[in-house]
Amino acid sequence: MLHRHLRQSTTFIRRFSSTAISTENPKPTPPTSAAAADAAKSGSKGGDTLGRRLFSLTYSKRSAAVTLRKWKEEGRTIRKFELGRIVRELRKLKRYKHALEICEWMRIQDDIKLVPGDYAIHLDLIAKLRGSNSAEKFFTDLPEEMKAQSTCTALLHAYVQGNEYVKAEALMDELSERGFLNSPLPYNHMLSMYISLGQLEKVPELIRRLKKSTSPDLVTYNMLLSIYASMNNVEAAEKIFEEVKKAKIEPDWLTYSTLTSLYIKEGLNEKAASSLMEIEKKASRKTRAAHSSLLSLFTNAGDKDGVNRTWKKMKSVYQKLNDAEYMCMISSLIKLGVLEEAENLHAEWESISPTGDTRVPNLLLAGYINKDMFSEAEAFYKRIVQKGIKPSYTTLELLTWGYLKQRQMAKFLDCFEKAVGSVKKWVPDEKLIREMYKNLEETGNVEGAEKLLAILRKAGYVTTKIYNMLLRTYAKAGTMPLVVAERMREDEVELDEETGELLRLSSKMRISVVSSCLT
């Protein structure tokens, strides 16, 4: 399995790709919402601007096309460059529906001339909202002169997002034939997909083709670093880093973050410390994610002073820190063994954050359970519930594990039942199921084993292995289960060799009392 930093690099390239789709319609850096609104003041009166009207469409059911039509009916001017800026900002804010509506409106205006880059953005939005098949149809229906490098690359990006590697590879061949592979972007798309799919055997040939037609960029090198870091291959990773320097490309914080993580894992402390210093130099207001990366890396290196220094800088640089950043710092403090400081920081978060995000208290709850501080865990759970924070599945699952450690059978079954009932569709956790049945089997708790089976049946997950664990519990208790074979047929579960052996073994035992779960 690829490591976390490998997925981080994949996320980075896909984020990068969505803002670099059009190579034929160069664009400035996306502005803030306020900047986008200010840029759309043409024909405005007072504070009323086209940008403000479009950004005020908070709910997706409201129509951007209607807003544009009304603006035009009022006799106001709409310029293409203004709409382009608004579309870019809406994409940045992930308000894809309204961005797509603006693109569709622009397409039917006689006085707005569109170029391939505009269609590339349009295609990308279709892919995001309706999938790659719809994006493919949009591309097919385009006039031939609009099937240029930017739109072809956007279609490739759509295939990559859907991990459709057969179509993506075929399109790459077509791009090569048309001379459209003169930048690293299409190759970066493919590299991102191969990493996501775990098809790393295809990477060397892809890089060979890339170097033959163009030159790798920093995004390429960062992903290659991630691949070698996931393999714990220090020598290969350092070779890539040397290539970066030889190409006279300035490494960014992500480059050093990947190297640092690898050095820490391999116990190369001096190299890790040197790389951490480079990340600190590159961490700025504009590279917000770099600070959270520093927190994690300093934590993994056991450097509490580095963690505190980074947190202090974050609080001085940013007016308000978000939930994810508080989670990162609380997690760091727990890992460093300073639970009291984590508690204080959680209290600070509670006092300033209105979100009630359960992921934040879940960190502290897990910290208590992992340290066998179960009375503190229960008290903390009761307190967050009293504060109006609704327990998530993860919250209840953590408590289930806690009660398992305490061997409190009735409580872990009750908590597990609430956890499963808290989600629309439960994703089975094989490890948790095994541990629960293991505890029940060791004590011969037949009633508990039957209750667990009932919970799992209600969740739509009953297997041969689960029935075998139930039968082993009966065997441990020295009692004979009732109508198990019949129940398995009703549940459409097959008997295996172990099932037959357990049934034969239990048939010689005394008949059990009918479980309340069967009545």
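Residues numbered from 1 in each chain as written. Predicted model: local features only at pLDDT ≥ 70, side-chain atom pairs only at ≥ 80, totals over all residues. Heavy atoms only, no water.

Looking at the overall build of the protein
Of regular secondary structure, the protein possesses 29 helices and 2 strands. Counting over 519 residues, the protein shows a buried share of 49%. Contacts spanning at least 24 positions in sequence make up 65% of the contacts within the protein whose residues lie at least 6 apart. If you sum the accessible surface of the protein, you get close to 26000 Å²; carbon and sulfur atoms cover 51% of it. (Helix = DSSP H or I, 4+ residues; strand = E, 2+ residues; numbered from the N terminus. Buried < 20%, exposed > 50% of the residue type's maximum accessible area, 1.4 Å probe, protein only. Contact = heavy atoms within 4.5 Å. Areas by Shrake-Rupley, 256 points an atom, 1.4 Å probe, with all protein chains shown as cover.)

A short note on the environment of Lys320
As for its position among the elements, Lys320 is in the loop between helix H18 (304–317) and helix H19 (323–335). Residue classification places Lys320 among the exposed residues on the basis of a relative accessible area of 54%. Expressed as a C-alpha distance, the spacing of Lys320 and Ile352, which sit 32 residues apart in the sequence, is 9.2 Å. With residues up to four places along the chain from it excluded, the contact list for Lys320 reads Arg288 and Pro354.

Notes on unusual backbone geometry
Note: most peptide bonds trans; most residues except glycine with negative phi. With phi around 60°, Arg407 is a residue other than glycine that occupies positive phi space. Here Arg407 is to be found in the loop between helix H23 (393–406) and helix H24 (409–421). Located in the positive-phi region is Val483, a residue other than glycine, with phi close to 40°. As for its position among the elements, Val483 is in the loop between strand E1 (479–480) and helix H28 (484–490).

Observations regarding the side chain of Asp217
Among the secondary structure elements, Asp217 is positioned in the loop between helix H12 (203–213) and helix H13 (218–230). Of the side chains with opposite charge, Lys211 lies nearest to the buried Asp217, which makes no salt bridge, at 12 Å. Excluding residues within four positions of it along the chain, Asp217 makes contact with Pro184, Asn188 and Ile249. (Lys, Arg positive; Asp, Glu negative; His and termini not counted. Salt bridge = Lys/Arg side-chain N within 4 Å of Asp/Glu carboxyl O.)

Some points on the pattern of salt bridges
Across all of its chains, the model carries 40 salt bridges by this definition. Put simply, Lys167 and Glu136 hold a salt bridge, and the shortest N to O gap is 3.2 Å. Pair noted here: Lys167 is in helix H10 (residues 165–177) and Glu136 is in helix H8 (residues 132–141), with a separation of 31 residues, a long-range link. Relative accessible area serves as the criterion here: at 30%, Lys167 is assigned to the partly exposed category.

Points about the confidence of the model for the protein
This prediction gives the protein a mean pLDDT of 90; 89% of its residues lie at or above 70. Across residues 1–45, confidence stays below pLDDT 50; counting only partners more than four residues off in sequence or on other chains, it has 106 contacts. (pLDDT = per-residue confidence, 0-100.)

Some points on a nonpolar patch on the surface
A grouping of Tyr165, Val166 and Leu197 is seen on the molecular surface, where their side chains present a nonpolar patch of about 250 Å² in accessible area. Note on placement: Val166 falls in helix H10. (Patch = residues over 30% accessible without salt bridge, like charges linked within 9 Å, V, L, I, M, F, W, Y side chains within 5 Å.)

Here we look at the nonpolar core
Ranked by internal contacts, the top residues of the largest apolar core, which has 150 residues, are Leu83, Ile102, Met190, Leu191, Phe416 and Tyr437. Counting residues per element, this core draws most heavily on H13, at 8 residues. Apart from residues no more than four positions distant in its own chain, Ile102 is found in contact with Leu54, Ala64, Leu68, Leu83, Ile86, Val87 and Leu90. (Core = buried A, V, L, I, M, F, W, Y, C linked by side-chain atoms within 4.5 Å.)

Focus: helix H14 (residues 234–246)
An ideal rise of 1.5 Å per residue puts 18 Å on 13 residues; H14 measures up with 18 Å between its terminal C-alpha atoms. Taken together, the buried positions of H14 are Val234, Ala236, Ala237, Ile240, Phe241 and Val244. A side-chain oxygen of the first residue of H14 lies 3.4 Å from the backbone nitrogen of Glu235; this N-cap is Asn233. In the segment just after H14, Lys248 is the residue with positive phi, at about 60°. (Expected span 1.5 Å × (residues − 1). Polar contact = N/O pair within 3.5 Å; in protein donor to acceptor, adjacent residues only side chain to side chain.)

Concerning the packing of helix H17 (residues 288–300) against H18
Interaxial distance between H17 and H18 falls to 8 Å at its minimum, and their mutual angle equals 165°. The orientation of H17 relative to H18 falls into the category roughly antiparallel. Every pair of crossing elements has a handedness; the one defined by H17 and H18 is left-handed. In contact with His291, Ser292, Leu294, Leu295, Phe298 and Thr299 of H17, H18 contributes Gly306, Val307, Arg309, Thr310, Trp311, Lys313 and Met314. Residue composition of the contact of H17 with H18, by class: 6 nonpolar, 5 polar and 2 charged. (Axes fitted to C-alpha atoms, helices over the stretch in contact; angles between N-to-C directions. Parallel < 35°, antiparallel > 145°, perpendicular 65-115°, else oblique. Left-handed = near helix turned anticlockwise from the far one by under 90°. Nonpolar A, V, L, I, M, F, W, Y, C, P; charged D, E, K, R; others polar.)

Description of the environment of Leu218
Along the chain, the position of Leu218 falls in helix H13. Relative accessible area serves as the criterion here: at 16%, Leu218 is assigned to the buried category. Each C-alpha atom, one on Leu218 and one on Pro184, is 9.7 Å from the other, the two residues being 34 residues apart in sequence. With residues up to four places along the chain from it excluded, the contact list for Leu218 reads Val244, Ile249, Glu250, Pro251, Asp252 and Thr255.

Here's the deal with the packing of aromatic side chains
In total, this model carries 7 aromatic pairs according to the counting rule given. With centroids separated by 5.6 Å and ring planes inclined at 65°, the aromatic side chains of Phe241 and Tyr256 adopt a geometry described as edge-to-face. Of this pair, Phe241 sits in helix H14 while Tyr256 sits in helix H15 (residues 253–265), and the two are 15 residues apart along the sequence. Note on Trp311 and Tyr326: the rings are 5.3 Å apart at their centroids and 75° apart in plane angle, and the pair reads as edge-to-face. In this pair, Trp311 is assigned in helix H18 and Tyr326 in helix H19, connecting sequence segments 15 residues apart. (Phe/Tyr/Trp six-rings, centres within 6.5 Å; stacked < 30°, edge-to-face > 60°.)

Examining the packing of H24 against helix H25 (residues 430–442)
Remark: H24 packs on H25, axes separated minimally by 11 Å, with the N-to-C direction vectors making an angle of 155°. Between H24 and H25, the interaxial angle falls into the category roughly antiparallel. Seen along the crossing, H24 lies across H25 with a hand that is left-handed. Between H24, through Met409, Phe412, Leu413 and Phe416, and H25, the contact on the second element is made entirely by Leu432, Met436, Asn439 and Leu440.

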